[in-house]
Amino acid sequence: MLGTNKLVKELKLYAKNPASITKDDLTSYHQKLELIRSIREKFTQLPAAITDKLGGLYMGTGTDWTLVL
């Protein structure tokens with residue numbers, strides 16, 4: 001990550017325990033946030049994929065699942 005050292009210094013100013021903020025932790029948190037972002041993106045695209053498969057039966061939160069099943 002670019003500017004990691006600068007970000008670590010900035011975060012230490014606001015941390016309750018500045019010694020707990022490390023570059024390794026920051027990199028790990030960034031990777032976890034990227035994973036969450038990619039999963040969220042997949043879930044955002046999911047309704048469109050379901051609509052394609054079920055045609056007019058899928059209506060978001062108004063879907064009659066007894067009819068679909």
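Residues numbered from 1 in each chain as written. Predicted model: local features only at pLDDT ≥ 70, side-chain atom pairs only at ≥ 80, totals over all residues. Heavy atoms only, no water.

1. Considering the overall build of the protein chain
Okay, so step 1: When helices and strands are tallied, the protein chain shows three helices and zero strands.
Okay, so step 2: Ordered by position from the N terminus, the helices and strands of the protein chain form the series α-α-α.
Okay, so step 3: In terms of overall size, the protein chain is more extended than a compact globule, its C-alpha atoms giving a radius of gyration of 21 Å where 69 residues would be expected to give roughly 11 Å.
Okay, so step 4: In terms of overall dimensions, the protein chain has C-alpha extents of about 60 × 25 × 15 Å along its principal axes.
Okay, so step 5: Going through the 69 residues of the protein chain one by one, you find that 7% of them count as buried.
Okay, so step 6: Surface accessibility of the protein chain: about 6100 Å² in total, with carbon and sulfur atoms responsible for 62%.
Okay, so step 7: Across the protein chain, the mean location of the 10 positive side-chain charges is 9 Å away from that of the 7 negative side-chain charges. (Helix = DSSP H or I, 4+ residues; strand = E, 2+ residues; numbered from the N terminus. Rg over C-alpha atoms; globule rule 2.2 N^0.38 Å. Buried < 20%, exposed > 50% of the residue type's maximum accessible area, 1.4 Å probe, protein only. Areas by Shrake-Rupley, 256 points an atom, 1.4 Å probe, with all protein chains shown as cover. Lys, Arg positive; Asp, Glu negative; His and termini not counted. Charge placed at Lys NZ, Arg CZ, Asp CG, Glu CD.)

2. Focus on helix H2 (residues 23-54)
Okay, so step 1: Taking 1.5 Å per residue, 32 residues should reach 46 Å; H2 reaches 47 Å between its end C-alpha atoms and fits that length.
Okay, so step 2: Where H2 bends most, at Leu46, the angle is about 35°, and the proline Pro47 comes one to four residues later.
Okay, so step 3: The first or second residue beyond H2 is Gly55, which carries a positive phi of 65°. (Expected span 1.5 Å × (residues − 1). Bend = angle between axes of the 7 residues up to and from the residue.)

3. Some thoughts on the pattern of salt bridges
Okay, so step 1: Across all of its chains, the model carries two salt bridges by this definition.
Okay, so step 2: For the salt bridge of Glu34 with Arg37, the shortest nitrogen-to-oxygen distance reads 3.3 Å. Placement of the pair is Glu34 and Arg37 together in helix H2, with a separation of three residues, close to one helical turn.
Okay, so step 3: Judged by its relative accessible area of 36%, Glu34 falls in the partly exposed class.
Okay, so step 4: Each of the salt bridges in this network shares a partner with another, and the network as a whole consists of Glu34, Arg37 and Glu41. (Salt bridge = Lys/Arg side-chain N within 4 Å of Asp/Glu carboxyl O.)

4. So, the confidence of the model for the protein chain
Okay, so step 1: For the protein chain, per-residue confidence averages 84 on the pLDDT scale, and 97% of positions sit at 70 or higher.
Okay, so step 2: Of all helices and strands in the protein chain, the one with the weakest mean pLDDT is helix H3 (residues 65-68) (78), whereas helix H1 (residues 4-14) scores best (89). (pLDDT = per-residue confidence, 0-100.)

5. Quick notes on the side chain of Thr4
Okay, so step 1: Looking at the secondary structure, you find Thr4 in helix H1.
Okay, so step 2: According to the relative accessible area criterion, Thr4 is buried, its value standing at 4%.
Okay, so step 3: Residue contacts for Thr4: discarding those within four places in its chain leaves Lys23 and Leu26. (Contact = heavy atoms within 4.5 Å.)

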